[in-house]
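# Examining the three-dimensional arrangement
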Amino acid sequence: QVQVVESGGGLVQPGGSLRLSCAASGNIFSIDAMDWYRQGPGNQRDLVASIVSGGTTNYAEPVKGRFTISRDNAKNTAYLQMNSLKPEDTAVYYCKVIVKVQPTSPSYQYWGQGTQVTVSS
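All of the points below concern the structure found in this document. Small disclaimer: the values here were computed from a predicted structure and weren't measured.

Here is what the cut-offs are and how they apply
- Residues numbered from 1 in each chain as written.
- Predicted model: local features only at pLDDT ≥ 70, side-chain atom pairs only at ≥ 80, totals over all residues.
- Heavy atoms only, no water.
- Core = buried A, V, L, I, M, F, W, Y, C linked by side-chain atoms within 4.5 Å.
- Buried < 20%, exposed > 50% of the residue type's maximum accessible area, 1.4 Å probe, protein only.
- Helix = DSSP H or I, 4+ residues; strand = E, 2+ residues; numbered from the N terminus.
- Contact = heavy atoms within 4.5 Å.
- Disulfide = S-S within 2.5 Å.

### Digging into the nonpolar core
Among the nonpolar cores identified, the biggest contains 30 residues, and Trp 36, Leu 80, Met 82, Tyr 93 and Val 97 are the most heavily contacted of them. Elements that contribute at least two residues to this core include exactly β1 (2–7), β3 (18–26), β4 (30–39), β5 (46–52), β7 (67–72), β8 (77–82), β9 (91–100) and β11 (115–119). Beyond its immediate chain neighbours, meaning those up to four positions away, Val 97 contacts Val 4, Cys 22, Ala 24, Ala 33, Met 34, Tyr 108, Gln 109 and Tyr 110.

Structure (structure tokens):
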């Protein structure tokens, strides 16, 4: 089994910054990708940023230039640095990890429980 735990959410004023963390643990041979999604009230869950094992990153248009995803492979942890936050960034942020539990096994995805980010004055 694999556990995924997000942390770092909270209340911040517009223009402020937060850094989210996503730690994966358990029966992990390798991590193919670590993704951040968000879901605002009444909205669908959308991809915010992703980073694959080779380090290539991808960002949704609304966060380009403001958010940075990074990864510490030794700690199986991904980070989302969020700067210049806007009220429309308010959402529950979820981490998804895609892992192999054995060298020749298929890849499986696991989700964390989410962390609330609220941007408000």
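From this point, the discussion proceeds with the structure in view.
### Here we look at unusual backbone geometry
Notably, Asn 76 is not glycine yet its phi reads approximately 50°, a positive angle. With respect to the helices, strands and loops of the structure, Asn 76 is situated in the loop between β7 and β8. Phi is positive for Ser 84, which is not a glycine, with a value near 50°. Counting through the fold element by element, Ser 84 comes out in the loop between β8 and β9.

### What to know about the state of the cysteines
Two cysteines joined by a covalent bond between their sulfur atoms form a disulfide. For the coordinates displayed, the defined rule picks out one disulfide. Between the sulfur of Cys 22 and that of Cys 95 lies a disulfide, 2.0 Å long from S to S. Across the S-S bond of Cys 22 and Cys 95 the torsion is about -75°, and the bridge reads as left-handed. Taken as a pair, Cys 22 in strand β3 and Cys 95 in strand β9 lie far apart in primary sequence, 73 residues in all. When sorted by exposure, Cys 22 lands in the same class as Cys 95, which is buried.

Worth remembering: the numbers are spatial, not functional.
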